[in-house]
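Working through the structure, step by step
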Amino acid sequence: MENPEKKTILIIEDEPVTAEVTARIIEKLGYKVLRAASGEEGLQMAVADDSVSLILLDMDLGAGSDGPETARRILAKKIVPIVFHTSHSEKEYVEKVREITLYGYVIKNSGSFVLQSSIEMALELFASNQKWQNTFDSIDDMLFILSLDYEILNANRAVSTALSLSREQILGKKCYELLNCQDHMMQGCPARLSAASRKVEQIEYEDKSKILKVSSWPVVELNGEVSSLALLVKDITLQRKQEKKLLETQKMDSIGHLAGGIAHDFNNMLSGILGYASLLARTETDPEKKESIKTIINSAEMAASLTGKLLEFGRAGQTSLGPILLNQYIEETLSILHHTLDKSINIKLDLHGDLDSLDGDSSQIMQTMMNLFINAAEAMSNGGTLTIKTENFLPHREFMSIHGNRLAESYIMLSVNDTGVGMNDDTRKRIFEPFFTTKTQTVVRGTGLGLAKAYGIVKSHRGIIEVETEEGKGTTFRVYFPRGKISPVGRHNSLIELKRGSGTILVVDDENTVLKMANDMLSMLGYTTIIANGGQEAVDIYRKNTADIAAVLLDLKMPDMDGRQTYAKLKEINALVCVILSSGFVKNNELGGLIEMGISGFCPKPYRIEKLSETLSSLLSH
C-alpha cells in the first residue's frame, strides 16, 4: 500500500520490547508511530490527537488494564479503526474481538508482511465505512440502525443534533428509551411491526409541538435472514402545516367560487326586481304606491349590496379600484356596527356636505373605517363620544414639511376622535406594528392586526395616516386619501331625468326575465331592441344586421358561448362593434382583460333604468 500522506498509527502496548519491535516494523512500512504504555494513556492520546489513523491495541494490557474495555471507551469518543494485537488465537478471543471491532486482529510475532496486510486491510475497510457513514450522516432526518432486540447500533449526526446527545449517550440504548423515554415499546411501534412483517411499516404521532413520521424497514442479508432494522424519524410538522394551509386556501377558493356563483344567480333575479321597480317608479302616480315601490327599490339595492360583499369575498383580497363617496360609506359602516358599538358611546358626525370622492377599493376602505371605529370604541369602555369628521384638505407648508413634498394636490381627510384612555408615547410609536396589542387577558384579547391592516390599506391607496393622543385625554386618527380622478356615480335617491336616445340595441342574455326587462327599459328610453337568447344566436343576428345595430348589451356569464367568446366573434364581423358588458359576477382581472380587448362599457347587474340610460347616452352620443 502506498502512503502519499504519512498516516499515524497509535500502538497501545504495555510490554516495552514488543512495543519497540512493532514500532520499528511499522515505521519501516512508512507510517508515523505514537506509543502508549497503558489503556488510560492510549485513550487520552487517541482522543487528543486528530492525526491518529489507526490503533494497534494489545488485547491483554497489564496493570489492570483491559484491551476490549479500552477499545469500547475509545470508540465511544472517537470513530477510528482498532486492530487487536494479541498472542491468543482461541475462539473465545476471536468472538470477543468481533463484538467490539470490524477491523480484526493480528497475532504477535507473525512477521512484518502479516502486520502490514492487517493494517492496510483495516485502513481500506475504514475508508469504505467512512464513505458510507458520511452518506449516513448527510441525511437530515434522524436515522437509526437497530439490532433485532431494538438496541441502537448506529445513529446519524441528525440524531445527536436533534436530541443534543453524544454518540456515547446514544449507542447501546434501546430506541424506545431514547425516543419515548419509556422502558417499553409504544403501541404499534413500526420497528416491532417491520421485524415481524419483513416489510416497511410506518406511523405518525405528535410529540409535544411536533408531528413525527416514524418508518422502519428490515435489513435483509443475502441468506434471507433479517439482521437488523433501519428506523427513520422525520419531522413533518412544517409539511402538515403547509398541507393544512393549502387545504384552507383551497376551501376558501371554493367558497369564493361558490359565493360568486350565488351572487351571479342572485343578481340575475335582482335585475328583474330592481329593473321593473325602477320602471314602475317612472309610471306610477299614486303616492302610496310610489312609496311602496321606493321600499322595493331600497330593499333590492340592499340585497345587491349583500351580493357585492359576496363578490368582494370571492375576489380573495384582490383590489378593485373605483370612485368612493366617503360620507356614504361612513354611514354604511356605522349601520353595520350599530349593534356592536356600546350604547354608552355617543356618535357625533361632522361630514362635509360637498366632499370630493376618492379612488379606492370599497371593501378595503370600509375595513379601514371599521378598524378605526372599533379601536376608538374599545378605548372608551366606560362610555364617551366618538366624533367622525370629513373635509376636503389642501396640503399646507407645515403638512408638507412633515410628510415631504411628493404629495397629491388635494386630499379627502377622515378624522376619528375618541374621548377614551389615550396612549403613552411608547404605545403610540408601536400601534401600527403587526401583532402589537394593548389588550390584556381581562378583555377580549386582540390579534394586533387591526391598525396594522388599516395602515397597510391607507399606504396602498397612497394615503397618509396620523395619530394624536395623550393619556387620559383620548385619541384622534386622521387619514388623508388623495382626491379621486374617477367620476363618481352617486345613488339615485330620487328620480332623475332620463337621457333618451334612438337606434337599435342587440340584447344578449340567457335569462328570459333579464331579456324582457332590458327590452322594456330600452323601449321606454326610445331605443329599438333585438333579443338574442345566447351567444351563437347573437352572432347570427349581428352578422345579418351589422349596419342597423348601434350597440350590443352583452351578458358575460352564458352557457355554451360566454360573453368573452361572443365578443370575439362580434369583433370578427365588425372590429368597431360597440359592446356594453353586463354581468353580476366578474372574476379577478377579467374585466380589465375585456376592456383591453375593446369592450366599450360596463353595466353591472342589477341595474336601474337610470344607469342604463346614462351608459348608453355616454357611448352613443360620440
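Refer to the preceding data block for the structure.
Residues numbered from 1 in each chain as written. Predicted model: local features only at pLDDT ≥ 70, side-chain atom pairs only at ≥ 80, totals over all residues. Heavy atoms only, no water.

**Looking at the overall build of the chain**
- Secondary structure assignment for the chain yields 21 helices and 22 strands.
- Residues counted as buried form 43% of the 622 residues belonging to the chain.
- Long-range pairs, those at least 24 residues apart, make up 63% of the contacts in the chain with a sequence separation of at least 6.
- Of the accessible surface of the chain, which amounts to about 33900 Å², a share of 51% is contributed by carbon and sulfur atoms. (Helix = DSSP H or I, 4+ residues; strand = E, 2+ residues; numbered from the N terminus. Buried < 20%, exposed > 50% of the residue type's maximum accessible area, 1.4 Å probe, protein only. Contact = heavy atoms within 4.5 Å. Areas by Shrake-Rupley, 256 points an atom, 1.4 Å probe, with all protein chains shown as cover.)

**Things to note about the packing of helix H18 (residues 535-544) against helix H19 (residues 563-573)**
- Interaxial distance between H18 and H19 falls to 9 Å at its minimum, and their mutual angle equals 15 degrees. By the angle between their directions, the pair H18 and H19 is classed as roughly parallel. Two packed elements cross with a definite hand, and for H18 against H19 that hand is right-handed. Taking contact as the criterion, the partners of Gly535, Ala538, Val539, Tyr542 and Arg543 in H18 are, on H19, Thr566, Lys569, Leu570 and Ile573. (Axes fitted to C-alpha atoms, helices over the stretch in contact; angles between N-to-C directions. Parallel < 35°, antiparallel > 145°, perpendicular 65-115°, else oblique. Left-handed = near helix turned anticlockwise from the far one by under 90°.)

**With respect to unusual backbone geometry**
- Even without glycine at this site, Arg198 takes up a positive phi of about 60 degrees.
- As for its placement among the helices and strands, Arg198 is situated in the loop between helix H9 (190-197) and strand E8 (201-207).

**Considerations on the side chain of Thr504**
- Tracing the sequence through the fold places Thr504 in strand E18 (residues 504-508).
- Leaving out residues up to four positions away in the same chain, Thr504 has contacts with Thr528, Ile530, Asp548, Ile549, Ala550 and Ala551.

**Some details on the pairing of strand E14 (residues 384-393)**
- Here 6 bridges tie strand E12 (residues 345-350) to E14, and the two strands are oriented parallel to one another. In the sheet register, Ile347 faces E14, and the bridge partner there is Leu386.
- Across 8 bridges, E14 lies against strand E15 (residues 411-418) in antiparallel orientation. Paired with Phe393 across the two strands is Tyr411, which belongs to E15. (Pairing = 2+ DSSP bridges.)

**Re the environment of Ser209**
- Mapped onto the elements, Ser209 comes out in the loop between E8 and strand E9 (210-220).
- Among the residues examined, Ser209 registers a relative accessible area of 63% and is labelled exposed.
- Remark: the alpha-carbon pair of Ser209 and Thr237, spanning 28 residues in sequence, is separated by 8.3 Å.

**With respect to helix H5 (residues 112-138)**
- Spanning 27 residues, H5 covers 39 Å between terminal C-alpha atoms, matching the ideal 39 Å at 1.5 Å per step.
- By the burial criterion, the buried members of H5 are Leu115, Ser118, Ile119, Glu120, Ala122, Leu123, Phe126, Gln133, Phe136 and Asp137. (Expected span 1.5 Å × (residues − 1).)

**Here's the deal with the sheet that holds strand E19 (residues 528-532)**
- Read across the sheet, 5 strands follow the order E19-E18-E20-E21-E22 without closing on themselves; strand pairing throughout is parallel. Since the sheet does not close on itself, it has two edges, and those belong to E19 and strand E22 (601-602), each with one partner.

**Considerations on the side chain of Glu13**
- Along the chain, the position of Glu13 falls in the loop between strand E1 (8-12) and helix H1 (16-28).
- Exposure remark for Glu13: the relative accessible area of 4% places this residue in the buried category.
- Engagement of the side chain of Glu13 in a polar contact is seen with the backbone nitrogen of Glu15, the distance being 3.1 Å. (Polar contact = N/O pair within 3.5 Å; in protein donor to acceptor, adjacent residues only side chain to side chain.)

**Details of the sheet that holds strand E2 (residues 32-36)**
- Strand order in the open sheet made by the 5 strands is E2-E1-E3-E4-E5, with parallel pairing throughout. Looking at which strands have only one partner, the edges of the open sheet turn out to be E2 and strand E5 (105-107). Along the sheet, successive strands turn relative to each other by an average axial angle of 25 degrees, direction set aside.
- Pairing analysis gives 5 bridges linking E1 to E2, with the strands arranged parallel. Paired with Ile9 across the two strands is Val33, which belongs to E2.
- Relative to the sheet, helix H3 (residues 67-77) contacts E1, strand E3 (52-58) and strand E4 (82-86), its axis offset from that of E4 by approximately 170 degrees.
- Relative to E3, H5 is tilted by about 130 degrees, and along the sheet it contacts E1, E3, E4 and E5.

**Quick notes on the pattern of salt bridges**
- Inspection of every chain in the model, using the stated rule, returns 20 salt bridges.
- Lys234 serves as the salt-bridge partner of Asp141, at 3.3 Å between the closest nitrogen and oxygen. Here Asp141, found in the loop between H5 and strand E6 (142-146), pairs with Lys234, found in strand E10 (residues 226-235); they are 93 residues apart in sequence, far enough to count as distant.
- Here Glu470 ties to Lys473 by a salt bridge, and the two come within 3.6 Å at their closest N and O atoms.
- For Glu470, a relative accessible area of 44% corresponds to the partly exposed category.
- Shared partners join several salt bridges into a network, and the residues in it are Glu13, Asp58 and Lys108. (Salt bridge = Lys/Arg side-chain N within 4 Å of Asp/Glu carboxyl O.)

**What to know about the state of the cysteines**
- Tallying each qualifying case throughout the model produces 0 disulfides.
- Among the cysteines around Cys189, which has no disulfide bond, Cys175 carries the closest sulfur, lying 5.4 Å off.
- The exposure class assigned to Cys189 is buried, which follows from its relative accessible area of 10%. (Disulfide = S-S within 2.5 Å.)

**Let's talk about the packing of aromatic side chains**
- For the coordinates displayed, the defined rule picks out 7 aromatic pairs.
- Relative to Phe399, the ring of Phe393 has its centre 4.9 Å away and its plane inclined at 65 degrees; by these criteria the two rings are edge-to-face.
- With a relative accessible area of 11%, Phe393 lands in the buried category.
- Overall, the relative accessible area of 3% leaves Phe399 in the buried class.
- Members of the aromatic cluster, each reached through a chain of ring pairs, are Phe393, Phe399, Tyr411 and Tyr480. (Phe/Tyr/Trp six-rings, centres within 6.5 Å; stacked < 30°, edge-to-face > 60°.)

**A few points about the packing of helix H12 (residues 326-336) against helix H13 (residues 362-378)**
- Axis separation between H12 and H13 bottoms out at 10 Å; the angle between their running directions is 55 degrees. Here H12 is positioned oblique relative to H13, judged by the angle of their axes. Considering the relative orientation of H12 and H13, their crossing is right-handed. Touching Leu326, Tyr329, Ile330, Glu332, Thr333, Leu334 and Ile336 of H12 are Ser362, Ile365, Met366, Met369, Met370 and Phe373, all from H13.
- When its residues are assigned to classes, the contact of H12 with H13 shows 10 nonpolar, 2 polar and 1 charged. (Nonpolar A, V, L, I, M, F, W, Y, C, P; charged D, E, K, R; others polar.)

**Considering the nonpolar core**
- Ranked by size, the top nonpolar core spans 32 residues in total, and within it Leu326, Ile330, Met369, Phe373 and Leu414 carry the most contacts.
- Looking at this core, the elements that each hand over two or more residues are H12, H13, E14, E15, helix H16 (450-460), strand E16 (464-469) and strand E17 (475-482).
- A total of 7 residues in this core trace back to one element, the largest contributor, which is H13.
- Aside from chain neighbours lying at most four places away, what touches Leu326 is Leu355, Leu358, Ile365, Met369, Thr390, Ile412 and Leu414.
- The next biggest cluster of nonpolar side chains, apart from the first, holds 21 residues, and it includes Ile170, Tyr176, Leu229 and Val233. (Core = buried A, V, L, I, M, F, W, Y, C linked by side-chain atoms within 4.5 Å.)

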